[in-house]
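Commentary on secondary and tertiary structure
Residues per chain, in single letters:
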Amino acid sequence: MEMKYVDSKAISMSKSVGMETMKLSSSFLDSKLKFGVNVSPKFSSSRGLLMKASYSRTSYDATSSVTKKNFLVDTFSYQINGTNHTGLYFRDKWVLDASDDEYGGVIVNAERLPSNPAKFVSLLRASLAHWKVKGKKGVWLKLPVEKCDLVPIAVKEGFQYHHAEKGHVMLTYWIPDEPCMLPSNASHQVGVGGFVINDKNEVLVVQEKHSARALSGLWKIPTGFILESEEIFTGVVREVKEETGIDTEFVEVMAFRHAHNVAFEKSDLFFVCLLRPLSEHIMVDDLEIQAAKWMPLVEFVEQPLIQGDDMFKKIIDIFIARLGKRYCGLSIHQLVSKLDNKLSTLYFNTVEDPDLNCQAS
């Protein structure tokens, strides 16, 4: 069985009658660990760090406020340039299953977490000591909702909340005694709005069932939020289809707005996109939308709520300039970067593009 090494730097030793008492300097265990140590003194050394050491197996009682367990370890002694050292190996079975991340940390395997809280805290403490000696930095601990009783235990051991999803909570632990370099939780939500105009100069508009009182009676363009791992250009087409039943083709991003403290202290990016309609028959989504229709552009622009709002007015000005071919937005260009070898979308506008077409329809 593979053994995990804990350097003697992480362990302070003090002798007592008939036994040795060893205490971890890391956060492995709160209490003292009592050992019955039987270390063979046989060793040989040559060329500095090249050495031979004899090992003897022992066991110790790990007593904490949560549980008392017997752990099997191997102890050994060795000599480096005339100086005696003592080391300790932990067995793999007492370390949480985890994989290395790209930044010197570890990601705990959520599928192999123990369900028993007493066993979890013992493994967690042993693992933190093990990772500290190995020079690991950040620890990512994903706890599924069915193991939510482990959350307070992890928090008590020093883990912090990072984010929560429908089926899990993610916690983190920073091991080095230096500023934490783990990335924060997502700071933005991403919204999209679709300007859809037909060959009759009519705009596709909706009235939402649930909206702020200040927007009561407003006919607005279809809007929504981007889903996880969804492109802006596919997300806006999907939102228009879901709310109105109209099929569309993405043309370009005309503008985007950046606002802060919008929801739960998060920032908001909202992309206003120009779309070309591929169908005409409207089918309203009864869950979100009160009504939908094709509205003449002039009537849409003259709504009091739009005329009285600087943000709405500027977006309309951009939209009209785009229709008059006096403005071009950001078109999509899908490229592969050597940095990650992944396909991604770059939004930009250039007059040097021979395929650039600013006509909306």
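The chain appears in an unreviewed UniProt entry as Nudix hydrolase 8-like from Nicotiana sylvestris. Turning to the chain, the UniProt annotation filed under Sequence similarities (unreviewed entry) states: "Belongs to the Nudix hydrolase family."

Looking at the sheet that holds strand β18 (residues 248-263)
Spatial strand order, β17-β15-β19-β18: four strands in an open sheet with mixed pairing. Each edge of the open sheet carries a strand with a single partner, namely β17 (223-225) and β18. Each strand of the sheet is rotated relative to its neighbour by a mean of 25 degrees, with strand direction disregarded. The strands that helix α3 (residues 232-244) touches are β15 (188-196), β17, β18 and β19 (266-277); relative to β15, the one it contacts most, it runs at about 65 degrees. Relative to β18, helix α6 (residues 310-323) is tilted by about 165 degrees, and along the sheet it contacts β15, β18 and β19.

Details of helix α1 (residues 117-133)
Taking 1.5 Å as the rise per residue, α1 with 17 residues should run 24 Å; its terminal C-alpha atoms sit 25 Å apart, in good agreement. In terms of residue burial, α1 counts as a mostly covered element, since 13 of its 17 residues are buried. You can read the cap of α1 off the contacts: a side-chain oxygen lies 2.9 Å from the backbone nitrogen of Ala118, and it is on Asn116. A positive backbone phi angle near 80 degrees is found at Gly135, which sits one or two residues after α1.

Observations concerning the pattern of salt bridges
Tallied over the entire structure, the rule returns 11 salt bridges. A salt bridge links Lys220 to Glu208, with the shortest nitrogen-to-oxygen separation between them at 3.1 Å. One end of the pair, Lys220, is in the loop between β16 (202-208) and β17; the other, Glu208, is in strand β16, and 12 residues separate them in sequence. Of the charged contacts, one joins Arg238 and Glu230 as a salt bridge, the two residues approaching to 2.7 Å between their closest N and O atoms. Looking at Arg238, the relative accessible area reads 17%, which means it is buried. Within this structure, Glu230, Arg238, Glu239 and Glu242 form a network of salt bridges that share partners.

Considerations on the sheet that holds strand β12 (residues 138-144)
Overall, mixed pairing links the five strands, which are arranged β10-β11-β12-β14-β13 in an open sheet. Whereas interior strands pair on both sides, the edge strands pair on one side only; in this sheet they are β10 (98-100) and β13 (160-164). Adjacent strand axes in the sheet meet at a mean angle of 25 degrees, parallel and antiparallel pairs treated alike. In the sheet, strand β11 (residues 106-108) pairs with β12 via two bridges, with the strands oriented parallel. Within the sheet, the bridge partner assigned to Ile107 lies in β12 and is Trp140. Along the sheet face, α1 touches β10, β11, β12 and β14 (168-174) and points at about 160 degrees away from the line of β12.

Thresholds applied
- Residues numbered from 1 in each chain as written.
- Predicted model: local features only at pLDDT ≥ 70, side-chain atom pairs only at ≥ 80, totals over all residues.
- Heavy atoms only, no water.
- UniProt positions renumbered as here; feature names shortened; annotations may be inferred.
- Pairing = 2+ DSSP bridges.
- Helix = DSSP H or I, 4+ residues; strand = E, 2+ residues; numbered from the N terminus.
- Axes fitted to C-alpha atoms, helices over the stretch in contact; angles between N-to-C directions.
- Contact = heavy atoms within 4.5 Å.
- Expected span 1.5 Å × (residues − 1).
- Buried < 20%, exposed > 50% of the residue type's maximum accessible area, 1.4 Å probe, protein only.
- Polar contact = N/O pair within 3.5 Å; in protein donor to acceptor, adjacent residues only side chain to side chain.
- Salt bridge = Lys/Arg side-chain N within 4 Å of Asp/Glu carboxyl O.

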